[in-house]
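Structural overview
Okay, here's what each chain looks like letter by letter:
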Amino acid sequence: MTSFSDSARLKKLFDEEVNLFVRQNPESKKLHDKAAGPMMNGVPMSWMAKWPGPYPVYVKSAKGAHFSDVDGNDYVDFCLGDTGAMVGHSPDASIAAIKNQLEKGITLMLPTEDAAIAAQSLADRFGVEKWQFTLTATDANRHIIRYARHITGRKKILIHDYCYHGTVDETFANLDEQGNTVSRVNNIGAPVDPKETTWVVPFNDLAAAEKAFASGEIAAALIEPAMTNIGIVLPEPGYLEGLRTLATKYGVILIHDETHTLSEGVGGMTRRRNLKPDAVVLGKTIGAGIPAGAFGMTKELSARISGSLNLEHIDVGGVGGTLAGNALSMAAVRATLTEVLTEEAFARMEDLCTVWTKDVQEIIDEYQIPWQVSQLGCRAEYSFRATAPRTGKEAADADDFELQQYLHLHALNRGILMTPFHNMALISPATTLEDVKRHTEHFRDAAKALFT
Ligand SMILES: Cc1ncc(COP(=O)(O)O)c(C=O)c1O
């Protein structure tokens, strides 16, 4: 149920937007009706049903920060594949390298030169020396936590309440009212009770982390340095440094999942804030959308792991993937890192994101709305609460699905795509000031409709 005070007005506004959407998207409707036969919920993956209209819009083509749909509507894409396309759609340098590699072999189970160049670029950016490649960030997380359990002999992973790290079994857990680790709502087909594998702590709570570490049960802490999947929750001064000190004290492997927080710059928050994790995880955009994930380790951690592996059985130990590190992914990662995700690109993206954030905040202030907006480099997000959340729970408590659906549909009908999961906007190297101002205009109109 919505917490918006005038729920009748919200419903009326939403219904008007649904009608407008249906009028504007007849061809998408035809394609969706056709898709309903062979696919569950009419979509290739279940979460694609979560878009705010009665059906998703069907894409005709995408380039840079824009895409067009089969009805001829043009959109500024602030969702950018929920980070998969943070580099912009089909950036020229990545496409040239991908096309070139397509002609020369896609997957061989043998390394190509690109892998070493990509790995060196990541080592230089994040300060951890030894890298491995996967197809997704999920796999990178799975693999590094397997290694962590393997070398520490401990069975649990510490995570933050309301985190998201991909479809990693250990991470579908929450804190209940009493502070116990319990299964997350809608944890589909959990293999075991997460109590056995996981210890959940609130973000920004060093005392809770120390209690968990002191149990001697924790192999690794898998964290985003800022939470980005329940809105943005920023670390308080000293929190990340404190976790580092505690992890060292208790022999816990500290993993920074920078899949989303890469938005802070070429080396993510790790580089920008001079942090010293034992391992770093990446994915999504590093191959411009060609499937690629990566995990990097300090040379000490890498030596511990490789010293514990048995060559004869290395392919059946639960770390791998036939297509991992394939030639096409490696060509895409090399080109994307070295030619697209540059210092200059990040500086521009962040400047534009600051404009987006300032505009949204000004409208919030003008209409005296009890919301706030947070920025993390080229990523920004508004939440339905007056002050920035300190924990995932505070952010989750401010969620309002109906209100969000209205705002997203209002945006979509005016040529703006927001991520379907929350109120996040990403700026790509191809996004322009005009694109940002299109969002500002929609946000002002929606605020006016809701609050005057
Ligand atoms: C922080 C973080 N890590 C990992 C993942 C998993 O990425 P993928 O679904 O591409 O494996 C996600 C996905 O949203 C994420 O937000």
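In the block above lies the structure referred to throughout.
What comes next concerns the included structure.

With respect to the sheet that holds strand β3 (residues 74-77)
With mixed pairing, the 4 strands of this open sheet are ordered in space as β1-β2-β3-β15. The open sheet is flanked by β1 (59-63) and β15 (416-417), the only strands paired with a single partner. Note that β3 and β15 share 2 bridges and pair parallel. Bridging from a neighbouring strand, Asp77 pairs with Leu417 of β15. Helix-sheet contacts for helix α14 (residues 433-451) involve β2 (66-69), β3 and β15, and the interaxial angle to β3 is about 100°.

Things to note about the side chain of His410
By the secondary structure assignment, His410 is in helix α13 (residues 401-413). For His410, a relative accessible area of 3% gives the class buried. Not counting residues within four places of it along the chain, the set of residues in contact with His410 comprises Glu17, His442, Asp445 and Ala446.

Here we look at the site of the ligand
Near the ligand there are 13 residues, and of these Thr138, Asn229, Asp257, His260 and Lys284 occur at the shortest range. At 3.5 Å from an oxygen atom of the ligand is found a main-chain nitrogen or oxygen belonging to Ala137. The contact in question runs from an oxygen atom of the ligand to an N or O atom on the side chain of Lys284, over 2.6 Å. For the shell around the ligand, the element with the highest residue contribution is helix α5 (residues 137-152), accounting for 3 residues.

Let's talk about the packing of aromatic side chains
Enumeration according to the criterion identifies 14 aromatic pairs in this entry. The interplanar angle of 70° and the centroid separation of 6.2 Å between the aromatic rings of Tyr164 and Phe172 together place this pair among those described as edge-to-face. For Tyr164, a relative accessible area of 37% corresponds to the partly exposed category. A network of ring pairs unites the aromatic residues Trp356, Trp371, Tyr382, Phe384, Phe443 and Phe451 as a single cluster.

Describing the nonpolar core
Counting residues in each nonpolar core, the largest one holds 63 residues, and the members touching the most others are Trp131, Trp356, Trp371, Tyr382, Leu407 and Leu450. With 9 residues, helix α11 (residues 343-366) is the largest single contributor of residues to this core. Shared between two domains, this core holds at least three residues of each, these being domain 1 (7-87 + 343-451) and domain 2 (92-340). Once you skip the residues sitting within four places of it in the chain, Trp356 turns out to touch Phe78, Val373, Ala380, Glu381, Tyr382, Met418, Asn423, Ala425, Val436 and His439. If you look at the next biggest cluster of nonpolar residues, it comprises 53 residues, including Ala137, Leu222, Met227 and Ala279.

Observations regarding the sheet that holds strand β5 (residues 156-160)
Backbone-to-backbone hydrogen bonds join strands into a sheet, with any given pair of strands oriented parallel or antiparallel. If you trace the 7 strands from one edge of the open sheet to the other, you get β4-β12-β11-β10-β9-β5-β8, paired in mixed fashion. At either end of the open sheet lies a strand with only one pairing partner, and these are β4 (130-134) and β8 (198-201). Looking at each pair of strands side by side, their axes are set apart by 20° on average, direction ignored. Bridging between β5 and strand β9 (residues 218-223) involves 3 bridges; their strand directions are parallel. Its bridge partner lying in β9, Lys156 is registered against Ile218.

Brief notes about unusual backbone geometry
The backbone phi angle of Thr83 is positive, close to 100°, even though this residue is not glycine. Considering the arrangement of structural elements, one finds Thr83 in the loop between β3 and α3 (92-102). Relative accessible area serves as the criterion here: at 0%, Thr83 is assigned to the buried category. If you check the backbone angles, Lys284 has positive phi at about 50° while not being a glycine. The residue Lys284 is located in the loop between β11 (279-282) and β12 (293-297) in this model. For Lys284, a relative accessible area of 30% corresponds to the partly exposed category.

What about the side chain of Ser374?
If you trace the backbone, Ser374 turns up in strand β13 (residues 372-376). One polar contact links Ser374 to Gln372, side chain to side chain, over a distance of 3.1 Å. Ignoring anything within four residues of it in the chain, the contact list for Ser374 reads Ile232, Arg379, Ala380, Glu381 and Ala388.

Basis of the calculations
Residues numbered from 1 in each chain as written. Predicted model: local features only at pLDDT ≥ 70, side-chain atom pairs only at ≥ 80, totals over all residues. Heavy atoms only, no water. Pairing = 2+ DSSP bridges. Helix = DSSP H or I, 4+ residues; strand = E, 2+ residues; numbered from the N terminus. Contact = heavy atoms within 4.5 Å. Axes fitted to C-alpha atoms, helices over the stretch in contact; angles between N-to-C directions. Buried < 20%, exposed > 50% of the residue type's maximum accessible area, 1.4 Å probe, protein only. Near = heavy atom within 4 Å. Polar contact = N/O pair within 3.5 Å; in protein donor to acceptor, adjacent residues only side chain to side chain. Phe/Tyr/Trp six-rings, centres within 6.5 Å; stacked < 30°, edge-to-face > 60°. Core = buried A, V, L, I, M, F, W, Y, C linked by side-chain atoms within 4.5 Å. Domains from an automatic or database assignment.

Interpretation in functional terms is not warranted from these geometric data alone.
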